[in-house]
Structure formats: C-alpha cells, structure tokens
4 protein chains.
Amino acid sequence: MKIKAGIVGGAGYTGGEMLRILINHPAVDISFVLSNSNAGNLVSDVHTDLLGDTDLRFSAELSQDIDVLFLCVGHGDAKKFLLANEINPTIKIIDLSQDFRLKEHAGTAWVYGLPELNREKIRKAKYIANPGCFATCIQLALLPLAAKGLLKGEVHINATTGSTGAGQSLATTSHFSWRNNNLSVYKAFEHQHLNEIGESLRQLDGAFNSSLNFIPQRGDFTRGILAAIYTDCDLPAEEIEQLYEDYYAGHAFTHVSKKNIDLKQVVNTNKALVHVEKHGNKIFIVSIIDNLLKGASGQAVQNMNLLFGLEERQGLALKAAAF
Amino acid sequence: MKIKAGIVGGAGYTGGEMLRILINHPAVDISFVLSNSNAGNLVSDVHTDLLGDTDLRFSAELSQDIDVLFLCVGHGDAKKFLLANEINPTIKIIDLSQDFRLKEHAGTAWVYGLPELNREKIRKAKYIANPGCFATCIQLALLPLAAKGLLKGEVHINATTGSTGAGQSLATTSHFSWRNNNLSVYKAFEHQHLNEIGESLRQLDGAFNSSLNFIPQRGDFTRGILAAIYTDCDLPAEEIEQLYEDYYAGHAFTHVSKKNIDLKQVVNTNKALVHVEKHGNKIFIVSIIDNLLKGASGQAVQNMNLLFGLEERQGLALKAAAF
Amino acid sequence: MKIKAGIVGGAGYTGGEMLRILINHPAVDISFVLSNSNAGNLVSDVHTDLLGDTDLRFSAELSQDIDVLFLCVGHGDAKKFLLANEINPTIKIIDLSQDFRLKEHAGTAWVYGLPELNREKIRKAKYIANPGCFATCIQLALLPLAAKGLLKGEVHINATTGSTGAGQSLATTSHFSWRNNNLSVYKAFEHQHLNEIGESLRQLDGAFNSSLNFIPQRGDFTRGILAAIYTDCDLPAEEIEQLYEDYYAGHAFTHVSKKNIDLKQVVNTNKALVHVEKHGNKIFIVSIIDNLLKGASGQAVQNMNLLFGLEERQGLALKAAAF
Amino acid sequence: MKIKAGIVGGAGYTGGEMLRILINHPAVDISFVLSNSNAGNLVSDVHTDLLGDTDLRFSAELSQDIDVLFLCVGHGDAKKFLLANEINPTIKIIDLSQDFRLKEHAGTAWVYGLPELNREKIRKAKYIANPGCFATCIQLALLPLAAKGLLKGEVHINATTGSTGAGQSLATTSHFSWRNNNLSVYKAFEHQHLNEIGESLRQLDGAFNSSLNFIPQRGDFTRGILAAIYTDCDLPAEEIEQLYEDYYAGHAFTHVSKKNIDLKQVVNTNKALVHVEKHGNKIFIVSIIDNLLKGASGQAVQNMNLLFGLEERQGLALKAAAF
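Along each chain, residue indices are assigned from 1 in the same order as the chain's sequence is written. Lettering of chains starts at A and numbering of ligands starts at 1, both following the order in which they are written. The predicted nature of this model means local features are confined to residues of pLDDT at least 70 and side-chain atom pairs, given and counted, to a pLDDT of 80 or more, with totals for whole chains, interfaces and linings taken over all residues. Side-chain figures throughout are based on the complete set of non-hydrogen atoms in the structure, without hydrogens or water.

Note on the chain copies: they are related by a rotation about an axis and a translation along it. Superposition of the copies used a least-squares fit over C-alpha atoms from residues whose pLDDT is at least 70 in both. Under the fitted operation, chain D is carried onto chain A by 0.0 Å of movement along the axis and a turn of 180°, and the coordinates agree to an RMSD of 0.0 Å. Interpreted geometrically, this transformation is the action of a two-fold axis. Here 100% of the contact residues of chain D are again contact residues in chain A; the copies associate through an equivalent surface. The contact criterion used throughout is that any non-hydrogen atoms of two residues lie within 4.5 Å.

Below is the structure:
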C-alpha cells in the first residue's frame, strides 16, 4: 500500500519540486495539494512543465486521510498553519520552513532533518524540521571536522546561491534585467541560517565556540549553491581526505570528490558533493548542492523515505541537468 | 553655448539610457530630470551605475528654460503629459512613446524620427516621434527594398528581443528564475509595431500591400533585437547587396555586413547592422540593434543631433560591450 | 531478465545523456560503454555529475553479449563503425547519427525512429535511425497537418537551439564569452535536417510538395529547441485544435497545450509540447523539445522501450529542471 | 598634435578593448595594430563590433614613429617582444602582461601602473607595468587600510571573475555548455596575483606581514570581478567610511558607495566601486571592476593619460552597459 501524502503550499517553488518528485515516486500517492489562491485549478496550470504528467488539481481543503504532510509554506506560516489546523496525531509532518529548526524545539517531537547528522533520529521521528539550503550546504562541508573536534578557529564561508533561493516573489533583485550577468553580496555576517548551522556543529562538538564568518552571494543562475570554506586545521591532507570519506561512507547522496568540483555536477539532483584540499595549515572545502532539492524538497523526500523505512534513494534517482 | 535638455520620466530604462548618453554629450547640458516618484533623490540612487559620474537630482518641476524635451514615459502618458503641460513653442520635443508615431498625426508638427527614412524632414522638424525598437530593427531590414518597389509578396519576420524591451516593471516573464535559459513567443501576428512599419513602407512604396507576418520572441538576454526576415525577390544577389550598400551609404549608424552577424556586434551602441543573402528566389535579411539605444534613447539623441544641426554621431560614439 | 545494453561513443553529449537515463532504467543493465579516448577511465571522470551514481568504466572492447547497441557517434562514424565491426544479427541497433535516416535506406532493416510517425513499425523493427533534434521538433509541429493533407503552401520555420546541439567540440561560437547573451542565425534555408523532415511529411502525404523555409538560430541557453512555424490553412481554429489533440491522443510524450508555451516546460524531460493558434488564414504552431532528450538520447530510449515491448515511459519519467 | 599609439597583440581581448577605447579617444591616433596571425586583415573582421567604426587593418610591421606602445600580449611574451625588438627610447611603453609588475624590476624604468597607488610616479614614468585584474580589484579594497597601517591580521578574499578574464583561448571551462549557469573555484590560495598585491600593500605599510587568503572563482558572466573581503579592524564604522572617502577623494575612477553594490554598476566602464561595512570587529569590503577595463585596457589608457599630462578621464567616459 502506498504512502498517502498531502502538500500544503503547493504553488510555490518548493511545492512544485515536491510535486515533480512525488508524482514519480513509486511508493507515494499524492492525496491533495493545498493552495488557497489556486484551489480548483490544475496543478499543471501553475507548474506548467507538468502538463501531460498529471491531472491533479489544487484543493482548498485539508484531508486527514494521509500518512505524511509536507508544509511548503513561508517562514512563520508553518507555525500558524499548525495552530490553525489540528493534525491527526498519526500523521507525520515534514516542515520545509525554518519554524521548527532550532534547539528551542528540542524535547518536542521535532527532529532536525539533516540525514548526514541525524539519520537514526529521523528514522524514529514524528515531525521533521527540514534544514535550510545554505545550512545544508555549509554543514555538509563542516560536519566531519566537527565530529572529530577539529573546528578550533574561525570558519570562513563564502557561498553563492541561485535565484530560486529567494522564492518566486517579484523583486528588483529577481528581475532578469538586473540579475542576468550580475553578482552581489547580501546579509554579510548576518544570514539567518547561521543559527541552525551553529547548533548542528555544537551537537557534534559541544566545545565548538568559533565564529562562522558567512558571506552569502546572489549568483546569476537559477539553481544551486556553491560554498567555499576554510579554517585552520593541523591534520595532514591524507587524513583529512580519509576523515571525509569515512564520515560520508554510508550516506546515499553526499559524496567526496577527489577532483575539483563545479556547481552543475549536482544541479537537478538530490546529491551533495564536497571536495577537500589542504593549503598550508588550512583546510579548504568546496561544497555544492541544488538549493531546491538537497536544499529543500529533495531532502524532504529523503526524510520521508527514512521516516517510512523506505530505501533512502527511492524516487530520488534524478537525472542531472548536467548542462 | 550648449543645448539645454529636459527629461521627463527619468527613472525608467529609456530615461536612464538618455542620462548615460547626455552626461557625456559634449554639446548638451541636462537642465532637469523629472520623476514624480523620485523627486529630490540623486539620479545615481536610481541609476546606480552613475555613481561618481553625476550629482544630478531628480526634480518635480518642469522648467521651460530648455531647448529640447525628451519624453521617456509610457505609451499614452506622453499625450497626457502634453495635454496637462503647455510647452513653450520654442522647445523641440522628442517623444519615445508610441503616441505620435502614426500617420494620423501627419500634417501636425510631428515627424517620425527614423533618420534612415526621414533624415531631411527630421532636420527641419519641431517634434519627433521616436520609432519603436522592433519597428526600427525591422524597417532597417526592409527600407532599401521598399524604396525600389521590390516588396511584392508576403514578408516573413521572426525577431527576438531582450528583457529590457519590456521595461522595468516586475512580471512573471521578467523574473530571472523564469526567463533565464528560456525562450518564448508572444503577440504572434499582432504586435503593435506592425502599424508603424507598414506606414513607413508605404511612404517609400505607395503600392505596398503585402502581409507582414511578424513573430516576436522573448530572449534570455537583456539588450538587443535580432530580426530574421525573408520575402520573395527576383533581383540577383549582387544587385541586392549593392542596393543595400547604396541605401545606407550616407548613414552614420547603419552598416551592411558582408559576413553573417551576431547580436553582440551592436549591443551597447547606437549602430544597426544588416546582412543580406539570396537563397533561391528569396532574399534573406538579418538585422540587429540594441533595443535601448538605436531602438530608443540612442536614436532619440541622434534625432536631437539632427534637429540642432550637430554632427550626427556626436555623443554617440559608444564603446560596444562586445562580450 | 534485464536488457543488456552497449553504448558506442559514451564520452560525448548524447552518450552522457544515454548513461544518465540508462543507469536508472529499471529494465536495463549497461554492459559496456565504448570510448577509445577514455578506455579504462571512470565514466564519472568524464560525466562528472555521475560521481556517486556509478562505478562504470569506459572500455575499449565491443562485446556481442548484448541485446541492444546504441551508436552515439558523429555523423558518418556510425556507418564506418558498422562496416568495421560485424554485429551479431540478434542485436538491435539504435543509431543516433544521421547515417541511416533517409529513405535511401528503405527496404533495409532501418526504420526512422519517430514514434509519433512510426510507432508500430518501430515495435517490429530491428534497426532504428533516431531522428535529428531539429527534425523531431519541427515534425511534431507538422505531422497532424500532413496526415490530413493540409500542408498546401510554403511552410515558414524559425527554430532556435541550445549550445549542446553543436556538441562538445570547442569552437568560436561555443565560447562562453561569445555565446552568452548572444543570438545568431546559421545555415539559413540549408540545414541538413530538411531532408528527413521532407521525407516524413511525404510519408504521410504523398502529394506534399511545398517549400520548407527553415531559419535555424543559435540561442544562448544550453538545452532545448523552440520552433515557431506557420503556413496557410483553411481549417477553423477549433477543428485544428481537435486535429492535434486527436493525432497525439495515444502518445506518451507529446502533448498539446491550450496555452502559450515556453522552452523550459520541457527542458530535461523527454516531452514535446505543441501549441496551435489560428491567425487569419494562417495556422501558427509553437513546438518545444529538449534537444538532447526527445531530440536524441531520450527518444533513443523511447525507441528501445518500443523495440522490447516495454511500457513507453519506462525510465523516462524525468524530473523537469523547470527553472 | 595627437599622440601616436601602436598596439602589439591587437587580436586578443585586451587588444580589442584598447582599440574600442582609442578609436574614440580625442587625443590619440592609432598608428598601427600588430598581429602576426591577422596581418593585412581588417580590424573589424576580428573585432566585428567595430564594423562601420574603423577601416584600420592589422599590420605585421612595427613602426618606431609613435609616442606610446601598448603591449597586449600574453604573460612572458612582453619580455620576449622587447628582447627581440629594440624600441626607440623616446617611446613610452605600457605593458598589460605581468612581466614587469614585480619589485624585482624596481630601479629600472618600470612603474607599477595603479594610479590609486602610484599616480605621481606614473606621471613621470617611462614604462608602465599595468596591474592584473584581480590585483586591481583587491588592492582598491585594501589600499586605504594599508596606508594607515591597519592591516594587522589575516585578510580573507573571495573574488569571482567573468569568462573574459581567461582570454579567448578555447578550453573546457570556457565552453558555453559548461560555464553557463555554473560556478567553480580555481587556484585557491595560489593565484599568481598574490605577489603583486603583497608588494603594493608593503609599499604603503612596510610592516605588512599577514596572510592573504584568496579564493578565486569562475563566474557565469563575461565581464567583471566582484571581490568580497574582510579582516579584523578596530576602527569604528564612521572612521572607516571617512578613511576610504579621503583616500579616494582625488581619484577619477574609484568611488566609495554608501549603499551595497552589484557587479553591473561598473560593467563596460573604467570605474571601480568599493563599499565598506563594519560587522563586530571586522571590516567588510566589497569591490567591483570590469576586468577588461579598469582591470586591463581601460587602466592602460588611464595610465597613458597620466603619462602624457592629459585629463585622467579623457576617452574613458564610457557608457555603462547597466543591464
């Protein structure tokens, strides 16, 4: 019997990606896709690439006859939705917003859904707080170091994101005439994902107490995040390489590349690639993900697979765009 | 003594290009730049590339102490502006909107400002209706044929425009996530520029009576229009080449390329290039312009140069972006 | 038992797409990937997006222990390969080059592999000549008209292709500094695909005898073809719409969109979308495909599915890139 | 009387930009453009955007009847050229390669041509070693600090360059299909420009002895460099702002922006913009230039203006591409 899934907020970017994945997932039936503004309309009228793939329509009504509920709404709106709608306690929830990510929700049923950090907890969880896109990309670069207590000094992070990271709302910085062939910095040292990154690092290394200097950049591409990160580290190059290989050995989607990497190796997949180099006393890590997949909806489905005891890659063997 | 210029609607794309050209024009002083929404603000706060180049501020007040007024406002708004504001009759006006382009304004003081069609009339004109961007690109491909009465059959036109052609308003089709790497058709057979193109062709060839089949496309670049055009034509290849060379011989900005052309040869310049080939009984013409320059503000300044007896290229020897 | 597949020319663009599809195809095992220049190397060293997905290596040796052989080599090289290598007659062959597409190969075992034209013949075929990318896109726009004998006059075609259509060889026109934000025409009226298109139309309508005026353009995107096509047609709008709906009713990948379409609706999928409008006495058709998928490797796998009696969409339910 | 200029290596990117600038420079006549591979050909056959602007042809012969010689050749080739060709001692030379940038050439006639560092020396110089593009962008961010001895700790630099930075040679990483929508790191911690940057900083602050941690990135745009830089600094925000304002007060092309900046503010101009913020005990600087202009040919002309006592901005009031 298939898993019955509901989606709240199906008209946005992450809702669309959720639909693109789930309509081909062999173990899932989509029970409903909620969108107030689009109720009654064909899903393929909004996500026009789905024409010919599904006759599904948006609905206005939440049904409780489901096994899992994906919340694909804006930050703050997930909490509001759960306050306004009592969800049957047998239903598992995966929230893609930031509303339940921080440790202040520890002790509740919410688990931070980064499989490379919390896979076993996720398997037994009820509610999953799906990580942020920058947070995923940066943590995957740093977790092996934190796990060995090797993060001693300041961490220097520059990461560039595609335009879909800012959602589909119209803004000056999302106008094609502005963004095409452009590059800019925003929220330097102050990005909201710093909190969840810090908490994860401290989960692995209680003594972690260094600065995370994070410069986010807006890139002129639609999908993907590339993070370039370094910090002081005494470990020799070979041991570092081995450390990363070992840490990600059992993980289905995160791989260590011996060669230099470029963003398009992961675009339109749920994979993350990390590449590690040693320069003097510094370890330098490049980490790449697709912000909408491993950084959002793909990871949410990976979490669903873990929650329901499915093979982790089911429905997520996505063809890379490659070009 | 310099020409004193006023600009109405200085905060938009064509207003910005007007400013970029005029602040370096050796024969012009900018007297004011009107923008209701930005009155009092620095021009460089809106057109941020002008930081360091000008301390000009937007003003809210129209001054009549000018020699020329550029109207850089939306279609319909030029007419409204002139109804609401009586302009001193000594002031020449160049309107970039479509409000005064059609022949219904013939007999008035308005001249259609395509120098390759009307240069001598422009020199003596008082008011100039600056041509549309598609209209400029397409007419430059067809004028030499019309002038010789060679446009007998249907004309087939496919032309692709950059995103700045749609102005700076935010829209789904101007969102970077949508437009990047995308291509689409709009207003097939129904583009509003067909009227002004038809009138120009009939001005040269009163008998012109064929269909103009025009397919406009939205390209994923910011600047430029490339038109690919063909029609039946009996003239041999060499005569056609000569016809075009002769027609554009005295024109400063329109050149005939013997080799195939690509859009970036004219981007960020006021130039137009046309390339002509013969295939069987068909003449095939490729025509390229920068939609904001030869297709708007650059041509407006070219018209100003003609109106005031300046050398046609003054202030318009712009460095191509090239890449 | 799975179908054993061999790939010749696995290091190019179409070979890479073949691999991206087949490693996830539930009914296929890849037996070998031939590449002389890369023999012994990991496939993921060349197609670096496959890191973590496959440990396959390129081989230098052709094995005959396969069920199907994909030829992903350059035009002319498929013929040479088959002359130099005798292939076991039980092995089915799918050739992605143009070497066996034309009717001169009729009466041989080769069938032109456009399922929307030849599905039943393909099911029973031994050797498949996979159609060209432009040819696929343009034929899908015209087949319903040809099938009803409605192609009476000249057909006007403007189609723009992504950079992967030109393969991975380095050339001035494939240099990023040249192609980015650029647009150009090439091979106007003379593209080599005109022959295969003409033959298909005559297969459906023996009397077809009109000109196909085809203007190919180089776009500044990597994947996809958009064709904008029109011709004279007396049929009323509703009947045309119905004609297209009927023609593609049973086809898994080609769909008729009632709304205007844009290229990214099909990028990274095996789908084709067509949209039809009536303007005066003209029918106007927009047709879109991904040149590497429905225009090459995806269609090759679709043909394989048909050859082996599999469900046509198996292994081809690809997630659109969408953005 | 005009300055007579010769260009060696006129067929490359920087040679092309030199030509685009000099043909409009009111005080310069181009005497010859040397290109062995193109001798006899029209300049506009190679730099096709110059069609209609110049009838100049490439020549094979060096003439000594010039006032200034621009060397636009590859690294190493400038030295070779000067060894093979004795240049009349009255001729000033501006070399765009890295061959004479380092201090080992001190005491010779070569001056490092960064006007914001060496303007007075440049005025009196005979030979100018024009700075590297990354080096220019990064130094402009750091000079005011070095001048006050404020560079005490490690400096963290991430800078992304456009594709023209790598020249016009064809390479995998310059292929459109690879680079479009892509991002990657190269030469982390090891870029060759680190030497010239270090020397400039020590010229202003002999005690400067900190690490420059430099991560260069390849962006998917053609023109421009954006550098995001930070280091520890005790100075309060207002004093830092003032420090930068004061340092660049008299400089024609480098401006301090109070607001956040984006790359396209300087594309196709000779300007540099820097923006400074204070975050905790860190100073954060964003710096932008066009790599081919302020980072190469534009700065070379600026140096020529200084060498010949012209107004620094002559011929360099370039219209920004803006979009």
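Looking now at the interface of chain D and chain A. Each partner contributes to the interface: chain D provides 37 residues, whereas chain A provides 37 residues. Take the accessible area each of two parts loses on contact, using a 1.4 Å probe, and add the two losses: that sum is the buried area. Together chain D and chain A conceal approximately 3,100 Å² of surface at their shared face, both sides included; 56% is due to carbon and sulfur atoms. The rule for a salt bridge is simple: a side-chain nitrogen of Lys or Arg has to be within 4 Å of a carboxyl oxygen of Asp or Glu. There are 2 salt bridges connecting chain D and chain A. As used in this structure description, the phrase polar contact means that two N or O atoms lie within 3.5 Å; if the pair is within protein, one of them must be able to donate a hydrogen and the other to accept it, and residues adjacent in sequence are counted only when both atoms belong to side chains. Between chain D and chain A we count 23 residue pairs in polar contact (both at pLDDT 80 or more) in total. Breaking the side of chain D that touches chain A down by element, the ones donating at least two residues are strand E7 (155-161), helix H6 (176-179), strand E8 (184-185), strand E9 (212-218), strand E10 (225-232), strand E12 (272-279) and strand E13 (282-289) of chain D. Here the side of chain D that touches chain A gets 4 residues from one element, more than from any other, and that element is E7(D). Polar here means any residue other than Ala, Val, Leu, Ile, Met, Phe, Trp, Tyr, Cys and Pro, which are nonpolar, and Asp, Glu, Lys and Arg, which are charged; Gly is therefore polar. Of the residues belonging to the side of chain D that touches chain A, the class tally is 16 nonpolar, 13 polar and 8 charged. Where helices and strands are cited, they refer to DSSP runs of H or I of at least four residues and of E of at least two residues respectively, numbered from the N terminus.

So, on to the interface of chain B and chain A. Taken together, the contact between chain B and chain A spans 18 residues of the former and 18 residues of the latter. Both sides together, the interface formed by chain B and chain A hides about 1,400 Å², and carbon and sulfur atoms give 65% of it. On the chain B side of the contact with chain A, Leu170(B), His175(B) and Phe176(B) bury the most area, a combined 49% of that side's loss. Summed over the shared surface of chain B and chain A, the result is 8 residue pairs in polar contact (both at pLDDT 80 or more). Ranked by residues supplied to the side of chain B that touches chain A, first place goes to helix H6 (residues 176-179) of chain B with 3 residues. Residue composition of the side of chain B that touches chain A, grouped by class: 5 nonpolar, 11 polar and 2 charged.

Another aspect to go through is the domain arrangement of chain A. Where the parts come together, the accessible area they lose is often given as the size of the interface. All names here are of chain A. Domains assigned within chain A are domain 1 (3-130 + 295-307) and domain 2 (133-289). Start and end points for every domain follow an automatic or database-based domain assignment. Of note, the centres of domain 1 and domain 2, computed from C-alpha atoms alone, are 25 Å apart. At the interface, 20 residues of domain 1 touch 26 residues of domain 2. Buried surface at the junction of domain 1 and domain 2, summed over both partners, amounts to about 1,900 Å²; 48% is from carbon and sulfur atoms. Across the domain 1-domain 2 interface, the total number found is 2 salt bridges. The partner of Glu17 in a salt bridge is Arg223, and the shortest N-O contact between them spans 2.8 Å. Summed over the shared surface of domain 1 and domain 2, the result is 13 residue pairs in polar contact (both at pLDDT 80 or more). Top contributing element to the side of domain 1 that touches domain 2 by residue count: helix H4 (residues 115-123), with 6 residues. Grouping the constituent residues of the side of domain 1 that touches domain 2 by class yields 7 nonpolar, 7 polar and 6 charged.

Residue position: Ile261(C) is located in the loop between strand E11 (254-256) and strand E12 (272-279). The spatial distance from the C-alpha of Ile261(C) to the C-alpha of Leu293(C) is 18 Å, given a sequence separation of 32 residues. Residues within four places of Ile261(C) in sequence aside, it is in contact with Ser184(B), Leu273(C), Val274(C), His275(C), Val286(C), Ser287(C) and Ile288(C).

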